[in-house]
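# Geometric and topological summary
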Amino acid sequence: MKIIHVGLGKTGTTFLQNEIFPKVAKILNIEFIDSKNFEKKYNHNSGNEIGTFHPFHTKKKAIKKFHYDDYFLSYETLCGHECNPLFWKKSAKINQKIFGKNATVLLTVADPLDFFSSLYCGMYHAYIIKNEKDFFLTHIQSQKYFKNKKDKHFVDYEIYDIAKLINIYKNLFNKVIVLKKKDIKNMKILSELFENNDIQKIKFKKVYYNRSYSKFSMKLTYIAENFLKLFNSSLYNFFNLSVRKIPNININNKLFNIINRKILYRLRYELRWRFFI
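Residues numbered from 1 in each chain as written. Predicted model: local features only at pLDDT ≥ 70, side-chain atom pairs only at ≥ 80, totals over all residues. Heavy atoms only, no water.

## What about the packing of helix α4 (residues 112–125) against helix α9 (residues 215–229)?
Using the following cut-off: Under this scheme, a helix contributes an axis fitted over its contacting stretch, all axes are lines through C-alpha atoms, and angles between N-to-C directions fall in the 0 to 180 degree range. Helix and strand labels come from DSSP, where a helix needs a run of H or I of at least four residues and a strand needs a run of E of at least two; each type is numbered from the N terminus. Roughly parallel means an angle under 35 degrees; roughly antiparallel, over 145; roughly perpendicular, 65 to 115; everything else is oblique. It is the rotation of the near helix from the far one that decides the hand of a crossing: anticlockwise by less than a right angle makes it left-handed, clockwise makes it right-handed. By definition, residues are in contact when any of their heavy atoms lie within 4.5 Å.
Where α4 meets α9, the closest approach of the two axes is 11 Å, and the angle between their N-to-C directions is 40°. By the angle between their axes, α4 is oblique relative to α9. Viewed along their axes, α4 and α9 form a crossing whose handedness is left-handed. Together, Tyr120, Cys121 and Tyr124 of α4 and Met218, Thr221 and Tyr222 of α9 make up the contact between the two elements.

What follows is the structure in structure tokens.
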């Protein structure tokens with residue numbers, strides 16, 4: 001069995017990748033590969049470069065690596081950069097070439113308002129701070145924007161259509177299953193989708209991943225970013241780069257160095273704009 005979770009992102013994917021999918025893969029007796037392990041295991045184009053929209057947009061030789069069975073891959077960028085509807089169809093065709101039409105495709109979806117709100121907030125988490133009108137573009141604006149290679153951080157809201165996305169994959173793959181965001185903690189539904197009753201027995205932690213900013217926090221982040229621009233800086237430079245400059249302390253004690261690295265990692269993690277906001 002080969003299961004490919006291609007997205008969409010911002011549909012509870014972090015929770016699924018940490019709490020649910022590894023356990024599903026274990027029950028199905030197949031290897032689970034999440035996004036982090038995928039990036040470590042395979043040399044690929046992240047899809048973040050200007051002019052690209054998919055991890056394998058320019059890597060045709062990498063296709064052979066995935067022509068084997070029995071794995072569960074969850075990597076939401078496979079649906080296209082930023083899960084942008086502008087790239088859905090082209091990304092789906094690349095996915096078919098990479099994984100083969102016999103792969104089972106898993107799509108996780110959310111209501112438009114929920115999806116777009118989470119996507120926009122995710123940009124702010126990553127220090128990509130733009131006005132809404134510069135991020136949410138019409139179809140014509142999106143085509144021109146991508147063609148001119150201004151940047152990759154925009155979404156074509158005008159052609160967002162989940163039914164169309166499902167049909168794209170159904171036309172290219174033999175089996176497509178769809179999981180709604182509201183059902184990601186419903187093990188009965190998951191057991192039906194994966195056709196295995198043992199999945200109903202899965203237990204998971206009641207944790208929240210990637211908490212969204214409040215409306216006030218979004219406004220404050222936008223104001224702070226534009227204020228720092230007056231001094232040729234940014235929130236990314238002020239928090240992220242400055243924190244990275246905190247030096248490591250290495251001595252001839254292995255245990256001390258391990259503890260020091262863990263403390264330093266945690267310190268760098270906490271001293272971000274998200275910590276203060």
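## Quick look at the pairing of strand β1 (residues 2–7)
This is how the line gets drawn: For every residue, the accessible area (1.4 Å probe, protein chains only) is compared with the maximum for its type, and the residue is labelled buried under 20%, exposed over 50%, or partly exposed between those bounds. Pairing between strands is defined by DSSP: at least two bridges between the two strands are required.
Burial of β1 is extensive: six of the six residues sit out of reach of the surface. As paired elements, β1 and strand β3 (residues 71–74) share four bridges and run parallel to each other. Each bridged residue has a counterpart across the sheet, and for His5 the counterpart in β3 is Ser74. With four bridges joining them, β1 and strand β4 (residues 104–109) adopt parallel strand pairing. Its bridge partner being in β4, His5 is matched across the sheet by Leu106.

## Some details on the sheet that holds β1
Taken in spatial order, the five strands of this open sheet run β2-β3-β1-β4-β7, and their pairing is parallel. One side of each edge strand has no neighbouring strand; the edge strands of this open sheet are β2 (31–33) and β7 (175–180). Each neighbouring strand pair of the sheet contributes to a mean axis angle of 15°, computed without reference to strand direction. The sheet contact formed by β4 and β7 spans six bridges and is parallel. Of the residues in β7, the one forming a bridge with Thr104 is Lys175. Sheet contacts for helix α7 (residues 162–170): β1, β4 and β7; angle to β4, the most-contacted strand, approximately 175°.

## A look at α4
What counts, and what does not: Given a helix with a known number of residues, its expected span is that number minus one, times 1.5 Å.
Here α4 contains 14 residues, and its C-alpha end-to-end distance of 20 Å stays within 8% of the 20 Å for a straight helix at 1.5 Å per residue. Of all 14 residues in α4, ten are buried, a share of seventy percent or more. Those residues of α4 that fall on the buried side of the exposure criterion are Phe115, Phe116, Ser118, Leu119, Tyr120, Cys121, Gly122, Met123, Tyr124 and His125. A positive phi of about 65° marks Tyr127, the residue just after α4.

## Describing the packing of aromatic side chains
Here is the rule: Here a pair means two rings of Phe, Tyr or Trp (six-membered ring of Trp) with centres within 6.5 Å. Their orientation is stacked below 30 degrees between planes, edge-to-face above 60, and tilted elsewhere. Charge-over-ring placement is defined geometrically: NZ (Lys) or CZ (Arg) within 6 Å of the ring centre, and within 35 degrees of the ring normal.
On inspection of all chains with the given rule, the structure shows 21 aromatic pairs. With 4.8 Å between their ring centres and 40° between their planes, Phe21 and Phe72 make a pair best called tilted. Of this pair, Phe21 sits in helix α1 (residues 13–28) while Phe72 sits in strand β3, and the two are 51 residues apart along the sequence. Considered together, Phe21 and Phe72 belong to a single accessibility category, that of buried residues. Taken together through their ring pairs, the aromatic side chains of Trp88, Phe115, Phe116, Tyr120, Tyr124, Phe135, Phe136 and Tyr160 make up a single cluster. Looking at Lys185, its charged tip hangs above the ring of Phe15, at a distance of 5.2 Å from the centre.

## Focus: the pattern of salt bridges
A side chain with one charge can pair with a side chain of the opposite charge if their charged atoms come near. Selection rule: Salt bridge criterion: a side-chain nitrogen from Lys or Arg within 4 Å of a carboxyl oxygen from Asp or Glu.
Summed over the entire model, instances satisfying the criterion amount to six salt bridges. Ionic pairing is found between Lys133 and Asp134, a salt bridge with its closest N-O pair at 3.5 Å. A relative accessible area of 59% means that Lys133 is categorised as exposed. Judged by its relative accessible area of 33%, Asp134 falls in the partly exposed class. The shortest N-O distance in the salt bridge between Lys188 and Glu192 comes to 2.8 Å. Highlighted residues: Lys188 and Glu192, both in helix α8 (residues 187–193), separated by four residues, approximately one helical turn.

## Some details on the packing of helix α3 (residues 88–99) against α7
Packed helix pairs are characterised by how far apart their axes lie and by the angle those axes make with each other. We apply this condition: In this classification, the charged set is Asp, Glu, Lys and Arg, the nonpolar set is Ala, Val, Leu, Ile, Met, Phe, Trp, Tyr, Cys and Pro, and all remaining amino acids, among them Gly, are polar.
Remark: α3 packs on α7, axes separated minimally by 10 Å, with the N-to-C direction vectors making an angle of 25°. With respect to α7, the element α3 is oriented roughly parallel. The chirality of how α3 crosses α7 is right-handed. Mapping the contact onto sequence places Trp88, Lys89, Ser91, Ala92 and Asn95 in α3 and Leu165, Ile168 and Tyr169 in α7. In terms of residue class, the contact of α3 with α7 is built from five nonpolar, two polar and one charged.

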